[in-house]
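Overview (structure and organization)
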Amino acid sequence: MNRSTSPTSVPQASARERLLAAANELFYAEGVQTVGIDRVIERAGVAKASLYNLFGSKEELVAAYLQSRHDATADRLIAAIDKLESPREKIMAIFESQAKLFRSPDFRGCAFTSASAEAPAGGRVELAADEFRAWIRTLFVDLARAAGAAHPTVLGRQLHLLYDGAGLAARMEHGDQSISKSTREAVRTLLDAAIS
C-alpha cells in the first residue's frame, strides 16, 4: 500500500499551512522586512507560484501571519481567563499568561509592534496591528467594567499600557524575570486604586 494513502498516515500540511508556519517562524524571529519571500518559500517547501496564488503578495502573507498571531494570542488569553470567575482575577491572569511567554527562549517581543515598526503607514500590516490592539484594549475595558471600575475606559487603557510596556521591557532586557513580577505588582496597585 502506498504510504501516502495509508489510513494511519498523518495528512501533510497544505501549502497555505506550510507557508504560514514558515512565515511565523521567520518573520517573528528575524523581522518582516529582513526575511525575503524566497526564504519563506524555501522553508515552506512550496513553489513560488503557491505563495502568490494563495496570498497575492508579501504584504498579504505578513497580514495573514499577524492574523495567526492575533488568533493564537486571543485563544491563549481567553483560555486563561475562562477558568476564573472574578474579573479582577481574569485581569491578573492575562498578565500571568504574558509572563509565561517571557520565559520562552524564543521570545522576541510583540509581533505586532515589530511588524508595524517596519511597515509603511496605512497598509495591511498597520491595519492588522491596529485590529489586535483594539481587541486587547476592549478586553481590558470590558474586564475593568465587569470589575466595577468607576472609569473602565481609563483603567482599560492603563492596563493596556502596562501590558505593552511589560512586553517591550522583556524584549529589551532579554528575559529579566523581575519584569513580570514588577508588572503584576503595578497591576495590583492600579486595580486597588481604581476599583473600590
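Residues numbered from 1 in each chain as written. Predicted model: local features only at pLDDT ≥ 70, side-chain atom pairs only at ≥ 80, totals over all residues. Heavy atoms only, no water.

**Here's the deal with the overall build of the protein chain**
Across its full length, the protein chain holds nine helices and zero strands. In the protein chain, the order of α-helices and β-strands from amino to carboxyl end is α-α-α-α-α-α-α-α-α. Principal-axis analysis of the C-alpha atoms gives the protein chain an extent of 65 × 45 × 30 Å. When the 196 residues of the protein chain are sorted by exposure, 39% land in the buried category. In the protein chain, 66% of the contacts between residues at least 6 apart in sequence involve partners at least 24 apart. Split by element, the accessible area of the protein chain, about 10,800 Å² in all, is 53% carbon and sulfur. In the protein chain, 24 side chains carry a positive charge and 24 a negative one; their mean positions are 3 Å apart. (Helix = DSSP H or I, 4+ residues; strand = E, 2+ residues; numbered from the N terminus. Buried < 20%, exposed > 50% of the residue type's maximum accessible area, 1.4 Å probe, protein only. Contact = heavy atoms within 4.5 Å. Areas by Shrake-Rupley, 256 points an atom, 1.4 Å probe, with all protein chains shown as cover. Lys, Arg positive; Asp, Glu negative; His and termini not counted. Charge placed at Lys NZ, Arg CZ, Asp CG, Glu CD.)

**Here we look at the packing of helix α4 (residues 58–82) against helix α5 (residues 87–102)**
Orientation of α4 relative to α5, taken along the N-to-C sense of each, is 130°, at an axis distance of 9 Å. Classed by the angle they form, the pair α4 and α5 counts as oblique. Of the two possible hands of crossing, α4 and α5 adopt the one that is right-handed. For the pair α4 and α5, contact is made by Arg76, Leu77, Ala80, Ile81 and Asp82 and by Lys90, Ala93, Ile94, Ser97, Gln98 and Leu101, respectively. Its residues assigned to classes, the contact of α4 with α5 shows six nonpolar, two polar and three charged. (Axes fitted to C-alpha atoms, helices over the stretch in contact; angles between N-to-C directions. Parallel < 35°, antiparallel > 145°, perpendicular 65-115°, else oblique. Left-handed = near helix turned anticlockwise from the far one by under 90°. Nonpolar A, V, L, I, M, F, W, Y, C, P; charged D, E, K, R; others polar.)

**Re the confidence of the model for the protein chain**
Caution applies to low-pLDDT regions: their predicted coordinates should not be interpreted in detail. For the protein chain, the mean per-residue pLDDT works out to 91, and 94% of the residues sit at or above 70. Contacts from residues 1–7, a stretch scored under 50 in pLDDT, to residues over four places away or in other chains number four contacts. (pLDDT = per-residue confidence, 0-100.)

**Re the nonpolar core**
Phe27, Val40, Leu61, Tyr65, Leu66 and Leu159 are the most contacted members of the largest nonpolar core, which totals 56 residues. Going through the elements one at a time, α1 (15–30), α2 (37–44), α4, α5, α6 (111–118), α7 (124–146), α8 (152–172) and α9 (178–194) are the ones with two or more residues in this core. Look past the residues within four positions of Leu66 in its chain and what remains in contact with it is Ala111, Phe112, Ala115, Val125 and Ala128. (Core = buried A, V, L, I, M, F, W, Y, C linked by side-chain atoms within 4.5 Å.)

**Concerning the environment of His174**
Along the chain, His174 falls in the loop between α8 and α9. Sequence-wise, His174 and Gly109 are 65 residues apart; in three dimensions their C-alpha atoms are separated by 9.7 Å.

**A look at the pattern of salt bridges**
Tallied over the entire structure, the rule returns nine salt bridges. Between Lys48 and Asp38 there is a salt bridge, and its shortest N-O distance comes to 3.1 Å. Pair noted here: Lys48 is in helix α3 (residues 48–54) and Asp38 is in helix α2, with a separation of 10 residues, a long-range link. (Salt bridge = Lys/Arg side-chain N within 4 Å of Asp/Glu carboxyl O.)

**Here's the deal with the packing of aromatic side chains**
This model, assessed by the stated rule, comprises seven aromatic pairs. For the ring pair Phe95 and Phe140, a centre distance of 5.6 Å and an interplane angle of 25° mean the geometry is stacked. You can see Phe95 sitting in helix α5 and its partner Phe140 sitting in helix α7, a full 45 residues away along the chain. Classification of Phe95 as buried rests on a relative accessible area of 2%. Judged by its relative accessible area of 0%, Phe140 falls in the buried class. Taking the centre distance of 5.9 Å and the plane angle of 65° together, the rings of Phe140 and Tyr163 count as edge-to-face. A residue pair is termed long-range when its members are at least 10 positions apart, and Phe140 in helix α7 and Tyr163 in helix α8 qualify at 23 residues. Judged by its relative accessible area of 9%, Tyr163 is buried. Aromatic ring contacts, followed pair by pair, group Phe95, Phe140 and Tyr163 into a single cluster. (Phe/Tyr/Trp six-rings, centres within 6.5 Å; stacked < 30°, edge-to-face > 60°.)

**Quick notes on the side chain of Ser97**
Mapped onto the fold, Ser97 is located in helix α5. Judged by relative accessible area, Ser97 falls into the buried class, the value being 7%. Among all residues touching Ser97, those that are not within four sequence positions of it are Arg76, Leu77 and Ala80.

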